[in-house]
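Here is how the chains run, residue by residue.
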Amino acid sequence: MSDMQKLLEPVNSFLHCETPDEWVNKAKKTENLQLILTDHLMAELKAAQTALWLIRKYAVDKKSGDALLAWLKPYEDFIYRKEGDLDKLAKNLKFSKSVVPESDSQLGQDLINKMILLINEELHHFYQVLEIMQSRGIPYKNITAGRYAKGLMTHVRTHEPETLIDKLICGAYIEARSCERFAKLAPYLDDELNKFYVSLLRSEARHYQDYLALAQSVAESDISERVKFFGEVEAELISSPDTDFKFHSGRPLK
């Protein structure tokens, strides 16, 4: 078994279905590269925003939360206001300030450590995707969000700590699916993109495990049934027909 197969084995076991061949066949077409890269860019920012939201909501005070918001601001300015460039983003890749958990935080330092590492990596990936796009003359254009994340979040319970548990489980599935799709698509891409997508696998595989570990640490009982429930929801979103082709979309209609 190759190193990649060993890395992907737990990811594939965690997911309840494989990406349909129809999605891979459409995603590998040259004319869809701009959409795939643009949606990938957006996905990296959304992953960082989700992790940041979790830290601010559940682990730190307002001062630390504001410092974390400032970390993401150049990336959000670029996406939502079309301000800034690679040089400006490069100056804000790492978070150097110390963040202290609130005394009553249930997860505290563990959540902070895992999520700040995740944000660091997602912002670095964002920078790398944008660098590739610009080197190929692919402009950034706004695109609408697909149904995937919303389809998962629709099932999140509305009372704590169940809300947090469910959001962490959703995060695990989003990261695991990203990992699986990078691996599915990489062999059909040019050398630069192939190497780039393969390089993302290790961090994405760890991210889903971090989310699951945090979810179990919050819960007072076993979460396996809830994990199974979201696995079935996620698999339905991935395997059912989808009119809106995106990086995390379902089975293309054509």
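Refer to the structure presented above.
Quick caveat, the model's predicted, so the values are computed rather than measured.

Undergrad: How do you make sense of the overall build of the chain when you look at a structure like this?
TA: Counting its regular elements, the chain contains 10 helices and two strands. For the C-alpha atoms alone, the extent of the chain along its principal axes is close to 50 × 45 × 35 Å. When burial is assessed residue by residue, the chain has 52% of its 254 residues classed as buried. Excluding contacts between residues fewer than 6 apart, the proportion of contacts in the chain whose partners are at least 24 apart in sequence is 79%.

Undergrad: What is the right way to look at the packing of aromatic side chains in this model?
TA: The way to describe two aromatic rings as a pair is by their centre distance and the angle between their planes. Within this structure, the stated rule accounts for 12 aromatic pairs. For the ring pair Trp-23 and Phe-247, a centre distance of 5.8 Å and an interplane angle of 85 degrees mean the geometry is edge-to-face. Here Trp-23, found in helix α2 (residues 21–27), pairs with Phe-247, found in the loop between β1 (241–242) and β2 (251–252); they are 224 residues apart in sequence, far enough to count as distant. There is no split in this pair, since Trp-23 and Phe-247 are both buried. Between Phe-78 and Phe-126, the aromatic rings sit 6.5 Å apart at their centres with planes inclined by 90 degrees, giving edge-to-face as the arrangement.

Undergrad: Help me out: how do you make sense of the pattern of salt bridges in this one?
TA: Close approach of charged atoms allows side chains of opposite charge to pair. Under the criterion given, the structure shown has 16 salt bridges. With a shortest N-O distance of 2.6 Å, Asp-77 and Arg-81 are connected by a salt bridge. Within this pair, Asp-77 and its partner Arg-81 are both found in helix α4 (residues 62–81), separated by four residues, close to a single helical turn.

Undergrad: Sorry, what's going on with helix α1 (residues 3–14) here?
TA: Three or more residues of α1 are buried, namely Leu-7, Leu-8, Val-11 and Phe-14. Considered in projection along α1, the buried side chains sweep an arc of 100 degrees and stay on one side of the axis. The secondary structure elements touched by the buried residues of α1 are α8 (162–185), α9 (191–218) and α10 (224–239).

Undergrad: What's the story with the side chain of Arg-181 in this structure? I'm lost.
TA: You can see Arg-181 is positioned in helix α8. Within the structure, Arg-181 has its side chain in polar contact with the backbone oxygen of Phe-247 (distance 2.8 Å). There is a polar contact of 2.9 Å between the side chain of Arg-181 and the backbone oxygen of Ser-249. Among residues more than four places away in sequence, those in contact with Arg-181 are Thr-19, Pro-20, Trp-23, Ile-238, Lys-246, Phe-247, His-248 and Ser-249.

Undergrad: Looking at this structure, I do not really get the nonpolar core. What am I missing?
TA: Within the largest apolar cluster, 87 residues are counted, with the highest numbers of intra-cluster contacts made by Leu-37, Ile-55, Met-115, Ile-119, Phe-126 and Tyr-197. With 13 residues, the top contributor of residues to this core is helix α6 (residues 109–135). If sequence neighbours within four positions are ignored, Ile-55 has contacts with Val-60, Leu-68, Leu-111, Ile-112, Met-115, Ile-116 and Ile-119.

Undergrad: Is there a simple way to explain α6 in this structure?
TA: Structural remark: α-helix, 3.6 residues per turn; residues separated by three or four positions point the same way. Compared with an ideal rise of 1.5 Å per residue, which puts 27 residues at 39 Å, α6 spans 39 Å between its outermost C-alpha atoms and is within 8% of the ideal. Directly after α6, the chain includes Gly-137, whose backbone phi takes a positive value near 70 degrees.

Undergrad: Explain the packing of α8 against α10 to me, please; I cannot follow it from the model alone.
TA: Two numbers describe a pair of packed helices, the interaxial angle and the distance between the axes. Running from N to C, α8 and α10 cross one another at 45 degrees; their axes reach a closest spacing of 10 Å. By the criterion of interaxial angle, the relationship of α8 to α10 is oblique. Between α8 and α10 lies a crossing whose hand is right-handed. For the pair α8 and α10, contact is made by Asp-166, Ile-169, Cys-170, Tyr-173, Arg-177 and Arg-181 and by Arg-226, Val-227, Phe-230, Gly-231, Glu-234 and Ile-238, respectively.

Undergrad: What exactly am I supposed to notice about the packing of helix α3 (residues 33–58) against α9 here?
TA: For the pair α3 and α9, interaxial distance at closest approach is 14 Å and the crossing angle is 25 degrees. By the angle class used here, α3 and α9 are roughly parallel. Taken as a pair, α3 and α9 cross one another with a handedness that is left-handed. Counted together, Leu-33, Ile-36, Leu-37, His-40, Glu-44, Thr-50, Ala-51 and Leu-54 of α3 and Leu-193, Phe-196, Tyr-197, Leu-200, Glu-204 and Tyr-211 of α9 form the full contact between these two elements.

Undergrad: Teacher, can you tell me more about unusual backbone geometry here?
TA: Phi is mostly negative for residues that are not glycine, and the peptide bonds are mostly trans. Cis peptide bonds are those with omega within 30 degrees of zero, and the linkage from Glu-160 to Pro-161 qualifies with 5 degrees. A positive phi angle, near 55 degrees, is found at Lys-82, a position not held by glycine. In this fold, Lys-82 is placed in the loop between α4 and α5 (86–90).

Parameters and conventions
Residues numbered from 1 in each chain as written. Predicted model: local features only at pLDDT ≥ 70, side-chain atom pairs only at ≥ 80, totals over all residues. Heavy atoms only, no water. Helix = DSSP H or I, 4+ residues; strand = E, 2+ residues; numbered from the N terminus. Buried < 20%, exposed > 50% of the residue type's maximum accessible area, 1.4 Å probe, protein only. Contact = heavy atoms within 4.5 Å. Phe/Tyr/Trp six-rings, centres within 6.5 Å; stacked < 30°, edge-to-face > 60°. Salt bridge = Lys/Arg side-chain N within 4 Å of Asp/Glu carboxyl O. Arc of directions from axis to C-beta. Polar contact = N/O pair within 3.5 Å; in protein donor to acceptor, adjacent residues only side chain to side chain. Core = buried A, V, L, I, M, F, W, Y, C linked by side-chain atoms within 4.5 Å. Expected span 1.5 Å × (residues − 1). Axes fitted to C-alpha atoms, helices over the stretch in contact; angles between N-to-C directions. Parallel < 35°, antiparallel > 145°, perpendicular 65-115°, else oblique. Left-handed = near helix turned anticlockwise from the far one by under 90°.

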